[in-house]
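# Residue-level structural notes
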Amino acid sequence: MAISFELTHICKQSGARCGILHTPHGDFETPIFMPVGTQATVKTLSIDEIEEVSDGLILGNTYHLWLQPGDEIIKKHGGIRGFMKWGHALLTDSGGFQVFSLSDIRKIKEEGVEFRHHLSGALLHMSPEESIRVQNNLGADIIMSFDECPPFYSSYDYMKDSVERTLRWAKRGKDVHAFPQTQALFGIVQGGPYKDLRKHCIEELIKIDFPGYAIGGLSVGETKSEMLEMLDFLTPLMPENKPRYLMGVGSPDDLVNGSIRGIDMFDCVLPTRIARHGSAMTSTGKVVIKNKTYEQDMGPLDPNCDCHVCKTYTRSYLRHLFKADEILGLRLITYHNLYFLKKLMHDIRNAIKSDSLLDFKNRFFEEYYHTEDSKIDLTKKVDKID
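Residues numbered from 1 in each chain as written. Predicted model: local features only at pLDDT ≥ 70, side-chain atom pairs only at ≥ 80, totals over all residues. Heavy atoms only, no water.

### Here's the deal with the overall build of the protein chain
Looking only at helices and strands, the protein chain features 15 helices and 17 strands. In terms of its C-alpha atoms, the protein chain occupies a principal-axis envelope of roughly 60 × 50 × 40 Å. Within the protein chain, counting contacts between residues at least 6 apart in sequence, those at least 24 apart form 68% of the total. Accessible surface, the protein chain: about 15500 Å² in total, of which carbon and sulfur atoms supply 52%. Averaging the positions of the 46 positive and the 53 negative side-chain charges in the protein chain gives two centres separated by 2 Å. (Helix = DSSP H or I, 4+ residues; strand = E, 2+ residues; numbered from the N terminus. Contact = heavy atoms within 4.5 Å. Areas by Shrake-Rupley, 256 points an atom, 1.4 Å probe, with all protein chains shown as cover. Lys, Arg positive; Asp, Glu negative; His and termini not counted. Charge placed at Lys NZ, Arg CZ, Asp CG, Glu CD.)

Here it is as structure tokens:
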């Protein structure tokens, strides 16, 4: 079995949708947030902890695992699942985003991409066929088509050529996919800010017939309002009976707003990255735990959170760990942030089921974004590598 999607409820107030994503390694309620495990690990967390802060579906990074330790070694372990001892479901990206974002020296050709290793400088080549071969070896439940992710504000002519190339690469990848019965290959919609190109891309991907569709090329430098406008335009064009995945998006406001617009799956390195710099997501907004105001704060990190971090430690102690450069501080805030987003997605699903997601959005934004630290940055750019 590959995957299937079951639509279970549409919110009468917002139009958001709940569903069940059926995979070979578990069934998952959607909308769902997927923690990013770039190097076959979610940074700083053990497998038991990842289970506690996720709904059982996480990501692996094709580019990095291809380079280290290599997909053949991972294949000998039975794929990423055996390699990292993860008993649940996995998704791998195609490696395309890293090829285009990490290297200043690259040549994009019809055959694929020549680029430089981001550490050694060695010349490498990634093609649609190679990306799928590597992902077949990595063994995730859901794998992604190899695509080009150009800068959002690329010229129309360049973006048009890029979309056509991405479509040809999508077809080539599907043609060589070795395990379609056990690995679901998703197509990726590109096109930058150009609605006609986005429409053309999804229409052509639907003709190729993928079991799911991802939206790429958002949260790459455009404003939040531009991203939401594109989602408003694009999601109604996507098949209702297949999962919709918004790639690399995961701030609390994006999860709420994306769900309202019919997105089923999200991922982002944001919660783990900001955790390692001492920023915690809480029910009343972002807390920068390194600030001196928490030096003698005996309260929990988030009084409304029931994770073991909030039930056990004071803000004062957590601040001390960061000031003392203790690794435990990074681990605890990482755990909490992912737990927070897991709970947020649970609340979003409940609000959809009760036909009240817009009411939930208003309450949540009023509480979370009332502080200066938590204001929504409409021009924020997030690097998607963790």
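### Things to note about the packing of aromatic side chains
Enumeration according to the criterion identifies 14 aromatic pairs in this entry. Taking 5.4 Å as the distance between ring centres and 15 degrees as the angle between the ring planes, the aromatic pair formed by Phe364 and Tyr368 counts as stacked. Here Phe364 and its partner Tyr368 are both found in helix H15 (residues 357-368), four residues apart, which amounts to about one turn of the helix. You'll find Phe364 and Tyr368 in the same group, each marked buried. Judged by centre distance (5.2 Å) and plane angle (65 degrees), the rings of Phe365 and Tyr369 are edge-to-face. Taking relative accessible area as the criterion, Phe365 reaches 18% and is therefore assigned buried. On the basis of relative accessible area, Tyr369 is assigned to the buried category, the value being 10%. (Phe/Tyr/Trp six-rings, centres within 6.5 Å; stacked < 30°, edge-to-face > 60°. Buried < 20%, exposed > 50% of the residue type's maximum accessible area, 1.4 Å probe, protein only.)

### Details of the environment of Val36
Tracing the backbone shows Val36 in strand S5 (residues 36-37). Apart from the residues within four sequence positions on either side, Val36 is in contact with Thr41, Val42, Leu59, Asp267, Cys268 and Val269.

### Side note on helix H13 (residues 315-323)
Since one α-helical turn is 3.6 residues long, residues separated by three or four positions face the same way. Listed in full, the buried residues belonging to H13 are Arg315, Ser316, Leu318, Arg319, Leu321 and Phe322. Buried residues along H13 sit against helix H11 (270-276), strand S17 (285-288), helix H12 (308-312) and helix H14 (327-353). The first or second residue beyond H13 is Asp325, which carries a positive phi of 55 degrees.

### Observations regarding the packing of helix H10 (residues 252-260) against H14
Put simply, H10 and H14 touch, their axes get as near as 11 Å, and they point 25 degrees apart. Relative to H14, the element H10 lies roughly parallel. Taken as a pair, H10 and H14 cross one another with a handedness that is right-handed. Across the interface between the two elements, Pro252, Leu255, Val256 and Ser259 from H10 touch Phe340, Leu341, Leu344, Met345 and Ile348 from H14. (Axes fitted to C-alpha atoms, helices over the stretch in contact; angles between N-to-C directions. Parallel < 35°, antiparallel > 145°, perpendicular 65-115°, else oblique. Left-handed = near helix turned anticlockwise from the far one by under 90°.)

### Looking at the pattern of salt bridges
Going through the model one piece at a time under the given rule, you end up with 24 salt bridges. Residues Arg133 and Glu72 are paired through a salt bridge, measuring 3.3 Å at the closest nitrogen-oxygen approach. Of this pair, Arg133 sits in helix H6 (residues 128-138) while Glu72 sits in helix H3 (residues 71-76); the two residues are 61 residues apart in sequence, bridging distant segments of the chain. By relative accessible area, which is 31% here, Arg133 ends up partly exposed. Residues Glu129 and Arg172 are paired through a salt bridge, measuring 2.8 Å at the closest nitrogen-oxygen approach. Pair noted here: Glu129 is in helix H6 and Arg172 is in helix H7 (residues 156-176), with a separation of 43 residues, a long-range link. Residues joined in a network through salt bridges with shared partners are Asp71, Glu72, Glu130 and Arg133. (Salt bridge = Lys/Arg side-chain N within 4 Å of Asp/Glu carboxyl O.)

### Describing H7
The terminal C-alpha atoms of H7 lie 31 Å apart, and with 21 residues this matches the ideal 30 Å at 1.5 Å per residue to within 8%. The set of residues buried in H7 consists of Met159, Ser162, Val163, Arg165, Thr166, Leu167, Trp169, Ala170 and Gly173. (Expected span 1.5 Å × (residues − 1).)

### Topic: the nonpolar core
In terms of nonpolar packing, the biggest core is built from 96 residues, with Leu205, Ile348, Leu357 and Phe364 touching the most fellow members. Take this core: its biggest share by element is 12 residues, from H14. The contact partners of Leu205, leaving out residues within four places of it in the chain, are Leu167, Ala170, Gly187, Ile188, Val189, Phe210 and Tyr213. Leu21, Leu57, Ile142 and Val269 belong to the second largest nonpolar core, which has 21 residues in total. (Core = buried A, V, L, I, M, F, W, Y, C linked by side-chain atoms within 4.5 Å.)

### Description of the sheet that holds strand S6 (residues 57-60)
Read across the sheet, nine strands follow the order S4-S15-S14-S13-S12-S11-S7-S6-S5 without closing on themselves; strand pairing throughout is parallel. The sheet is open, and its two borders are formed by strand S4 (32-34) and S5, each paired with just one other strand. Where strand S14 (residues 244-246) lies against strand S15 (residues 265-267), two bridges are found, and the strand directions are parallel. Pairing of Leu246 across the sheet is with Phe266, part of S15. H14 rests against S4 and S15 of the sheet, and its axis sits at about 160 degrees to S4. (Pairing = 2+ DSSP bridges.)

### A closer look at the state of the cysteines
Following the criterion strictly, the structure yields zero disulfides and no others. Cys201 forms no disulfide, and the closest cysteine sulfur to it belongs to Cys149, at a distance of 12 Å. Relative accessible area serves as the criterion here: at 0%, Cys201 is assigned to the buried category. The thiol sulfur of Cys310 is not disulfide-bonded, and the nearest other cysteine sulfur, from Cys307, lies at 3.8 Å. (Disulfide = S-S within 2.5 Å.)

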